Amino acid sequence: MATGLRSECGAGGRVSNWIKHAVWWHVYPLGFVGAEREAGACAGVVHRLDHLVRWLDYAVELGASGILLGPIFASSTHGYDTIDHLLIDRRLGDDADFDALVAAARRRGLRIILDGVFNHVGRESPRFRRSVAGGPLSPDASWFRLTWPADGKEPDCATFEGHHQLVTLNHDEPAVVDHVIRVMNHWLDRGADGWRLDAAYAVPRQFWRHVLPAVRARHADAYIFGEVIHGDYAGFVDETGVDSVTQYELWKAIWSALNDRNFHELAWALARHNAMIDRFVPQTFIGNHDVTRIASQVLDERHIAHALVILMTCGGTPSIYAGDEQAFRGIKEHRAGGDDAIRPSFPAASAELAPFGWPTYRLHQELIGLRRKHPWLHRARTRMVDLRNTDIVFEAFDEGNRLWVALNLADAAVGRTVDSGVDRLAGSGAVRRTGVRTELTLPPHGWAILG
């Protein structure tokens, strides 16, 4: 076992000691810095990554321990149509700008995770263009899944979920395996701490089994997780060797349970979550660059706090999507430009943010701070103590550590009992100890964390 690592995941992946304390601030860089929609509209290199550097102190004050970056490599439009994995997108800057970002993050104790798009490339990728121009016997043709017509015209190619501009790589090709290993190691060598594997679910699982050991042989402490939306999360971890996957099941259950006032749905999802924690620690979130913002997703804005409380008291490696901590609104639409509302530019400094978002920011600070005071929450499981449609009490626990979480969605106050003598650590409501029990009265739409 490599130094600094110990297995805690049973049949699942490894756990780096540092990841147990991680809380990510998730940034979509091209939107954050206000970059042009298309790279072709940018005449040359524009040094914009320093705009993100100016926000690092804000992330530290929030309580984040690292920055989870969206795509930063050369692409044609939104970053997920990569044209060169070894080149910083000129709308963001160059290698020197990346080095400056890493150095600035290091000075603040922040780690950096990069977004790797290795399922597909953009149609403007030079390698893809060479493969088409060179014909079926060209050295680059084997990198893609091409069907060549008899008339010699441009071949048909496999694409990602029907998107014409996103050309799927041939993951059976050894040169593709070598390329991805080279790219991942290159940026880890340059100071990154890990990778989010975009659309990991679309890549044959054995591909990751070839890639990841070679990466970890050089960077044993790197944290690598995959974007997986549906299916058997634990099975994916076991079969690929990633450390974790994105926990979309819990994300959906959180806002759906709040909107439907049906905590039974949350309880069901938390039971599934417990089973995952037995195998690996999921990457958890209530917002990211691909989904409607939580402040727009919940029907009652009083329940934004409830969503965050659940996130910060459940096992997992949590991330906060930049702007959610300020109650940014934004609805994802399934159309061209439908991500614009959830990927806005940020001002030059936090002082320029609207005043209405700061109470939500301070709530994030409080709850992130509570989580970091209780690092065992990384592997916490949950046990239902009291469950009704509109209110719930659950226990978060790991070995001898315990917290109790109470949430109320009703228009009336509720009284509940915890079979332990505890204090209110956060939230609202009246707490009264009666011997070894604690009586809690939650106000309408209130919440509390006890311990």
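Up top is the structure.
My aim in this report is to walk through the structure given alongside it, one point at a time. Since we're looking at a predicted model, the values are computed, not measured.

**Re the sheet that holds strand 22 (residues 430–434)**
Strands sit in the order 20-23-22 across an open sheet of three strands; the sheet is antiparallel. With one partner strand each, in any of the chains shown, strand 20 (414–418) and strand 22 form the two edges of the open sheet. Direction aside, neighbouring strands of the sheet carry axes that sit 20° apart on average. Summarising the sheet, strand 22 and strand 23 (residues 437–442) pair through five bridges and their orientation is antiparallel. Across the sheet, the residue bridging to Ala430 is Thr441, located in strand 23.

**Notes on the side chain of His85**
Positionally, His85 belongs in strand 6 (residues 82–88). On the accessibility criterion, His85 (4% relative accessible area) is buried. A distance of 2.8 Å separates a polar side-chain atom of His85 from the backbone oxygen of Val117. When sequence neighbours within four positions are dropped, the list of residues in contact with His85 reads Phe73, Val117, Phe118, Val121, His179, Val183 and Trp187.

**Description of the side chain of Asn288**
Mapped onto the fold, Asn288 is located in the loop between strand 15 (283–285) and helix 11 (294–297). For Asn288, a relative accessible area of 7% gives the class buried. Engagement of the side chain of Asn288 in a polar contact is seen with the side chain of Tyr248, the distance being 3.0 Å. A polar atom in the side chain of Asn288 sits 2.8 Å from the backbone nitrogen of Asp290. Those residues in contact with Asn288 that sit more than four places away from it in its chain are His26, Tyr248 and Tyr321.

**As for the pairing of strand 6**
The sheet contact formed by strand 5 (residues 73–75) and strand 6 spans three bridges and is antiparallel. Of the residues in strand 6, the one forming a bridge with Phe73 is Ile88. Between strand 5 and strand 6, which pair antiparallel in sequence order, lie six residues; one of them, Gly79, sits at a positive phi of approximately 100°.

Conventions we followed
Residues numbered from 1 in each chain as written. Predicted model: local features only at pLDDT ≥ 70, side-chain atom pairs only at ≥ 80, totals over all residues. Heavy atoms only, no water. Pairing = 2+ DSSP bridges. Helix = DSSP H or I, 4+ residues; strand = E, 2+ residues; numbered from the N terminus. Axes fitted to C-alpha atoms, helices over the stretch in contact; angles between N-to-C directions. Buried < 20%, exposed > 50% of the residue type's maximum accessible area, 1.4 Å probe, protein only. Polar contact = N/O pair within 3.5 Å; in protein donor to acceptor, adjacent residues only side chain to side chain. Contact = heavy atoms within 4.5 Å.

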